[in-house]
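# Structural features, examined
One-letter residues, chain by chain:
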Amino acid sequence: MRTDMRSGQKQYLSFRDFDSPDGSDVSTAPTPDTMTPNPTPNDLKVILAKYLMSEKTLREIRDSLVDIARNAGQMMINADPSVCTSDTKKNTSDRVTETDKAIEKMVHSRLQSAYPNIDFLGEETFKVGQKLSDKPTFVCDPIDGTLNFIHGFPNTAVSLALTVAKKPVVGVIYNPFRGDLYTAVKGQGAYLTTASGRTHNLPIRSTPAALPSLNGCLVALEWGSERQGPNWDLRTSMSQTLLSSRSTGGAMVHSIRSSGSAALDFCYVAAGQMDLFWEGGCWIWDVCAGWCILEEAGGMVASANPGDWRPELEGRCYLAVRGAMREEQESVVRELWGLMGKRRFVF
Ligand code: IPD
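Residues numbered from 1 in each chain as written. Predicted model: local features only at pLDDT ≥ 70, side-chain atom pairs only at ≥ 80, totals over all residues. Heavy atoms only, no water.

## Digging into the sheet that holds strand E6 (residues 137–144)
Pairing in this open sheet of seven strands is mixed, and the strands run E5-E6-E7-E8-E9-E10-E11 from one edge to the other. Looking along the sheet, the strands with just one partner apiece sit at the ends: strand E5 (119–122) and strand E11 (199–201). Taking each pair of neighbouring strands and ignoring which way they run, the sheet shows an average axis angle of 20°. In the sheet, E5 pairs with E6 via four bridges, with the strands oriented parallel. Looking at E6, one finds that Gly122 is bridged to Cys140. (Pairing = 2+ DSSP bridges. Helix = DSSP H or I, 4+ residues; strand = E, 2+ residues; numbered from the N terminus. Axes fitted to C-alpha atoms, helices over the stretch in contact; angles between N-to-C directions.)

Okay, structure coming up:
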């Protein structure tokens, strides 16, 4: 669901599958609204019925995921991770702990016994070549922000989602160190419940501020673990372009933040505490739950690479934009894409 910023009415987004990008020029690429003229949740109901599910099932699944996320959070709090006891994956900046593996095992086994017919895709058990199918699938990142976790930096979360027809329809993200729980069900809004037990609608400001240009934006950008090559060059040069003054061809954004958790970056954009999150390289489990939460909070996801207004969950290139008037959202997307020139992430 998104909020029409002029009328204040909630609008349902279409669940329809969209054409893949046609490679057309950024300035003429079709925009989301021209591709979804009459958004309605009916197509979601039809797809759910195919799998003997309903919107009520999604709410029940959300409640199960919240319970499992709180269990995972307790496991994180009980753990005593350190740099020394973590293992490297691809390189020394790509780490995994015993807690990541234990949480994924717990999540998988609880979901399997409660929902034996729903597939599972998890970061720690992912096999190269494994692809998301149209069937209902749970997507799990047991600890997003593992580097934060092993350093004791309290910006770490478990991220759990359900996809149907390759779209996220339930998202639950829980940071046990702050007690922040973010939840969303497709078509039913997005919420933040804080440690005090208070629940807020997302975005937190009921009438989001204007989003006139990159110039006034707080932008999330992560560094990833790939520290050389063209993708690294793009990441570092774009951060310089975004930060530098307009007289030198930059965007002069207010600033850049790197929280160390892509899942929480999506939540901060959904909450309206960040304006954008530009990211190439993270994986479906990093963004899946956050994507559902962001869209339900009136935000949108385009690709980090120019021209693609309908990125795939597994596409590894994302530009998350907070709730605002649709023309403003599209305008900052085009502005950021314009700064990239001919540069692109390649995966
Ligand atoms: C990582 C975080 C980080 C992003 C990396 C991810 P992990 O997830 O989301 O912000 O830059 O690309 O891999 O490894 O902590 O689950």
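## Looking at the nonpolar core
Formed by 38 residues in total, the largest nonpolar core has its most connected members in Ile173, Tyr182, Leu202, Phe266, Ile284 and Ile293. Of all the elements in the fold, those that place two or more residues in this core are strand E7 (157–164), strand E9 (180–185), strand E10 (190–193), helix H7 (262–271), helix H8 (284–296) and strand E16 (317–321). Leaving out residues up to four positions away in the same chain, Phe266 has contacts with Phe277, Val287, Gly290, Trp291, Leu294, Val301, Tyr318 and Ala320. (Core = buried A, V, L, I, M, F, W, Y, C linked by side-chain atoms within 4.5 Å. Buried < 20%, exposed > 50% of the residue type's maximum accessible area, 1.4 Å probe, protein only. Contact = heavy atoms within 4.5 Å.)

## Here we look at the packing of aromatic side chains
Evaluation of the coordinates by the stated rule reveals 11 aromatic pairs. Here the aromatic rings of Trp223 and Trp232 are separated by 6.1 Å at their centres, their planes lie at 65°, and the arrangement is edge-to-face. Judged by relative accessible area, which is 32%, Trp223 ranks as partly exposed. Ring centres of Phe266 and Phe277 lie 5.7 Å apart, and the angle between their planes is 90°; on these two criteria the pair is classed as edge-to-face. Within this pair, whereas Phe266 is found in helix H7, its partner Phe277 is found in strand E14 (residues 276–280), the two being separated by 11 residues in sequence. The pair formed by Phe266 and Phe277 is uniform in burial state, with each residue classed as buried. An aromatic cluster of three or more residues is present, and its members are Phe126, Trp283 and Trp285. The ring of Trp283 is capped by Arg316, whose NZ or CZ atom sits 3.7 Å from the centre of that ring. (Phe/Tyr/Trp six-rings, centres within 6.5 Å; stacked < 30°, edge-to-face > 60°. Lys NZ or Arg CZ within 6 Å of the ring centre and 35° of its normal.)

## So, H7
Most of H7 sits inside the fold, with 10 of its 10 residues counted as buried. Regarding H7, the residues found buried are Ala262, Ala263, Leu264, Asp265, Phe266, Cys267, Tyr268, Val269, Ala270 and Ala271. Where H7 terminates, the next one or two residues include Gly272, which has phi positive at roughly 85°.

## So, the site of the ligand
As a matter of local geometry, the ligand sits amid 14 residues, with Ile143, Asp144, Gly145, Thr146 and Ala262 nearest to it. Within the backbone of Ile143, a nitrogen or oxygen atom sits 3.1 Å from an oxygen atom of the ligand. A distance of 2.7 Å is found between an oxygen atom of the ligand and a backbone nitrogen or oxygen belonging to Gly145. Protein chains shield 86% of the accessible area of the ligand, which is 380 Å² for the free molecule. (Near = heavy atom within 4 Å. Polar contact = N/O pair within 3.5 Å; in protein donor to acceptor, adjacent residues only side chain to side chain. Areas by Shrake-Rupley, 256 points an atom, 1.4 Å probe, with all protein chains shown as cover.)

## Structural notes on the packing of H7 against H8
In contact at an axis separation of 8 Å, H7 and H8 are set at 10° when each is read in the N-to-C sense. With respect to H8, the element H7 is oriented roughly parallel. From H7, Ala262, Ala263, Phe266, Cys267, Val269 and Ala270 reach across to H8, where they touch Asp286, Val287, Gly290, Trp291, Ile293 and Leu294. Here the contact of H7 with H8 is built from residues that sort into 10 nonpolar, one polar and one charged. (Parallel < 35°, antiparallel > 145°, perpendicular 65-115°, else oblique. Nonpolar A, V, L, I, M, F, W, Y, C, P; charged D, E, K, R; others polar.)

## Examining the pattern of salt bridges
As enumerated under the stated definition, the model contains 12 salt bridges in all. The salt bridge involving Glu279 is made with Arg235; its shortest N-O contact spans 3.5 Å. Taken together, the positions of Glu279 in strand E14 and Arg235 in helix H6 (residues 230–243) put the pair 44 residues apart, joining distant regions of the chain. Glu279 gets classed as buried once you look at its relative accessible area, which sits at 4%. One salt bridge in this structure joins Glu335 and Arg246, with 3.7 Å as the shortest N-O distance. In this pair, Glu335 is assigned in helix H9 (residues 326–339) and Arg246 in the loop between H6 and strand E13 (255–257), connecting sequence segments 89 residues apart. (Salt bridge = Lys/Arg side-chain N within 4 Å of Asp/Glu carboxyl O.)

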